[in-house]
Amino acid sequence: MKTTTYVEIEEETAARASWVEDIARLPVPDGGRFGAFGGQYVAETLMPAIAELEAAWRDARRDTTYWAEVEDLLVNYVGRPSLLYHARRLSAEVGAQVYLKREDLNHTGAHKINNCIGQAVLARRMGKRRLIAETGAGQHGVATATVAALFGLPCEVYMGAEDVVRQSLNVERMRLLGAEVHPVESGTRTLKDAMNEALRDWVTNVGDTFYLIGSVAGPHPYPWMVRDLQSVIGREARAQILGATGRLPDACVACVGGGSNAAGLFAPFAADASVRLVGVEAAGEGIATGRHAATLGAGRVGVLHGSKSYVLVRDDGQIAHAHSISAGLDYPGVGPEHAAWKDSGRAVYVSRTDDDALAGLERLARTEGILCALETAHAIAALDEVARMIGPDGIIIVGLSGRGDKDMVTVAQRRAK
Ligand SMILES: *Cc1c(COP(=O)(O)O)cnc(C)c1O
């Protein structure tokens, strides 16, 4: 942990370090673990594929040609850097200076594309010619289908049969982009079953297939790789806030589903002890009802999809069915680095209900003219609490993970009640 001096800030903003140097500053999980969490809890048959991926990531991570290709696509295709916008009217209501990191302005409308670009470039580098992915709400499936089209690679997406019905618009998007969507009929017919099915496909087709995971979940090296790829959010935001205000923020706030947009925003600030990191989970209909997705807030330590972290479990020990108004937060697990940050106290995690999220979405729309995703709205809904922690002159960076177009039908139905 260090305190940043004014001179260091000047130097930092003046000389923008290369991506390889920036990435090299982020911690490497020791033995595939973040503290007591993470690891590789997978079938023997999957180990060679995971070892190959881990070696490829270790190599790519310190290779300037890899990052040059990723950066080129992020700039010229995705539209980065994303804006850091000082939300003045929202700030006045909240009682702190709120800056929005606008991932909603990316091509495809959310942060997920950052990760997909990085993994697709890695897949090509590894000589893999087929992409597979799991998707819940369909957002990661759409982002994967997008990069598959961009690279001319065949793409197959596993999606719970229940979600295929609920998210038919995203299914249509994926098909238009040339991807094949496989409805998964097992289990609860949702995201966790889709992820199991994708892992099964990978075991069977390791030779030519790259499994593109959509969050900081899954076995090592995924939580590490996805965090590194999403760290572009926090690295940009850090330089942008220093440029705009001459100092570091007092808090960073982001919603947490699997945890990728939050980890990407938090990681570049994790060594700055003065910056509070606040993750916001989905409390659904209320923690007490059991219908929620607050994995860190109300879960137990367990293993899901190859990684040890907090998980939501039922009384009989089975993985519970997560619930949230926002399909993107509806996952019964969470990335292992968040579990480690929670246990060390480096980050704190709060939760907001479906109703809170709707109010957050309406507030951002009314004060700033921005319609955010329902996932993001959970972070907006926590701003009053964060402002009370840091005071009126405090600076908050909020990860605006995605735009709200996809949620307008849900929002309209809720508001009609
Ligand atoms: C998928 C999604 C999330 C949740 O995923 P994380 O891995 O927790 O970031 C949040 N916001 C939006 C807009 C999403 O599409």
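As the structure is a prediction and not an experimental result, all values here were calculated from the model.

Moving on to the site of the ligand. Near the ligand, the surroundings consist of 17 residues, among which Lys112, Ser215, Gly259, Ser260 and Ser401 are the closest. The side chain of Ser215 places a nitrogen or oxygen atom 2.6 Å from an oxygen atom of the ligand. Interatomic distance of 2.7 Å between a side-chain N/O atom of Ser260 and an oxygen atom of the ligand. Computed on the free molecule, the ligand has an accessible area of 380 Å², of which 97% lies beneath the protein chains in the complex. In terms of residue class, the shell around the ligand is built from four nonpolar, eleven polar and two charged.

With that out of the way, let us pick up helix α15 (residues 336–344). For α15, the set of buried residues is Pro336, Glu337, His338, Ala339, Ala340 and Trp341. Gly345 sits one or two positions beyond α15 and adopts a positive phi of about 85 degrees.

It is worth spelling out helix α12 (residues 232–245) at this point. Given a rise of 1.5 Å per residue, 14 residues ought to cover 20 Å, and the 20 Å separating the end C-alpha atoms of α12 matches this to within 8%. Regarding α12, the residues found buried are Val232, Ile233, Gly234, Arg235, Glu236, Ala237, Arg238, Ile241 and Leu242. Positive phi shows up at Gly246, right after α12, with a value of about 75 degrees.

So, on to the sheet that holds strand β5 (residues 130–135). As summarised here, the arrangement of the four strands in space is β7-β6-β5-β8, forming an open sheet in which the pairing is parallel. Each of the sheet's edge strands pairs with one partner strand only, and the pair in question is β7 (180–184) and β8 (209–211). Averaged over all pairs of adjacent strands, the angle between strand axes in this sheet comes to 25 degrees, irrespective of strand direction. For β5 and strand β6 (residues 155–160), the ladder comprises five bridges, and the chain directions are parallel. When the sheet's bridge partners are listed, Glu134 is paired in β6 with Tyr158. Packed onto the sheet, helix α7 (residues 139–151) meets β5 and β6 and runs at close to 165 degrees relative to β5.

Looking now at the pattern of salt bridges. Taken as a whole, this structure holds 34 salt bridges when the rule is applied. Asp22 is the salt-bridge partner of Arg25, the closest N and O atoms lying 3.3 Å from each other. Looking at Arg25, the relative accessible area reads 59%, which means it is exposed. Notably, a salt bridge pairs Asp355 with Arg414, separated by 2.9 Å at the nearest N-O pair. Taken together, the positions of Asp355 in helix α16 (residues 354–368) and Arg414 in helix α19 (residues 408–416) put the pair 59 residues apart, joining distant regions of the chain. Judged by its relative accessible area of 52%, Asp355 falls in the exposed class.

Looking now at the environment of Ile370. Mapped onto the secondary structure, Ile370 falls in the loop between α16 and α17 (374–380). Between the C-alpha atom of Ile370 and that of Arg403, which follows or precedes it by 33 residues, the distance is 8.1 Å. The residues contacting Ile370, other than those within four sequence positions of it, are Tyr85, Leu100, Arg102, Asp104, Leu364, Ala365 and Leu400.

Further remarks concern the sheet that holds strand β9 (residues 251–255). Pairing in this open sheet of six strands is mixed, and the strands run β3-β4-β14-β9-β10-β13 from one edge to the other. Two strands close off the open sheet at either side, each with one partner strand: β3 (84–86) and β13 (347–353). Between one strand and the next, the sheet's axes are offset by a mean angle of 25 degrees, whatever the strand orientation. Relative to the sheet, α12 contacts β3, β4 (97–102) and β14 (395–400), its axis offset from that of β4 by approximately 140 degrees.

Here we take up the packing of helix α3 (residues 47–61) against helix α11 (residues 222–230). Running from N to C, α3 and α11 point in directions that differ by 30 degrees, and their axes come no closer than 10 Å. Between α3 and α11, the interaxial angle falls into the category roughly parallel. When you trace α3 past α11, the crossing you get is left-handed. Residue-level inspection shows Leu53, Trp57, Arg58 and Arg61 of α3 in contact with α11, the latter providing Tyr222, Trp224, Met225, Arg227, Asp228 and Leu229. Broken down by class, the residue content of the contact of α3 with α11 amounts to six nonpolar, no polar and four charged.

Turning our attention to the nonpolar core. Counting 96 residues, the largest nonpolar core has Leu122 and Trp202 as the members making the most contacts within it. Here the element with the most residues in this core is helix α6 (residues 112–125); it accounts for seven residues. With near-sequence residues (within four places) excluded, Trp202 lies in contact with Leu46, Ala49, Ile50, Leu53, Ile132, Thr209, Tyr211 and Tyr222. Counting 38 residues, the second largest nonpolar core, distinct from the first, contains Ala293, Ala379, Ile390 and Ile396.

Cut-off values and rules
- Residues numbered from 1 in each chain as written.
- Predicted model: local features only at pLDDT ≥ 70, side-chain atom pairs only at ≥ 80, totals over all residues.
- Heavy atoms only, no water.
- Near = heavy atom within 4 Å.
- Polar contact = N/O pair within 3.5 Å; in protein donor to acceptor, adjacent residues only side chain to side chain.
- Areas by Shrake-Rupley, 256 points an atom, 1.4 Å probe, with all protein chains shown as cover.
- Nonpolar A, V, L, I, M, F, W, Y, C, P; charged D, E, K, R; others polar.
- Buried < 20%, exposed > 50% of the residue type's maximum accessible area, 1.4 Å probe, protein only.
- Helix = DSSP H or I, 4+ residues; strand = E, 2+ residues; numbered from the N terminus.
- Expected span 1.5 Å × (residues − 1).
- Pairing = 2+ DSSP bridges.
- Axes fitted to C-alpha atoms, helices over the stretch in contact; angles between N-to-C directions.
- Contact = heavy atoms within 4.5 Å.
- Salt bridge = Lys/Arg side-chain N within 4 Å of Asp/Glu carboxyl O.
- Parallel < 35°, antiparallel > 145°, perpendicular 65-115°, else oblique.
- Left-handed = near helix turned anticlockwise from the far one by under 90°.
- Core = buried A, V, L, I, M, F, W, Y, C linked by side-chain atoms within 4.5 Å.

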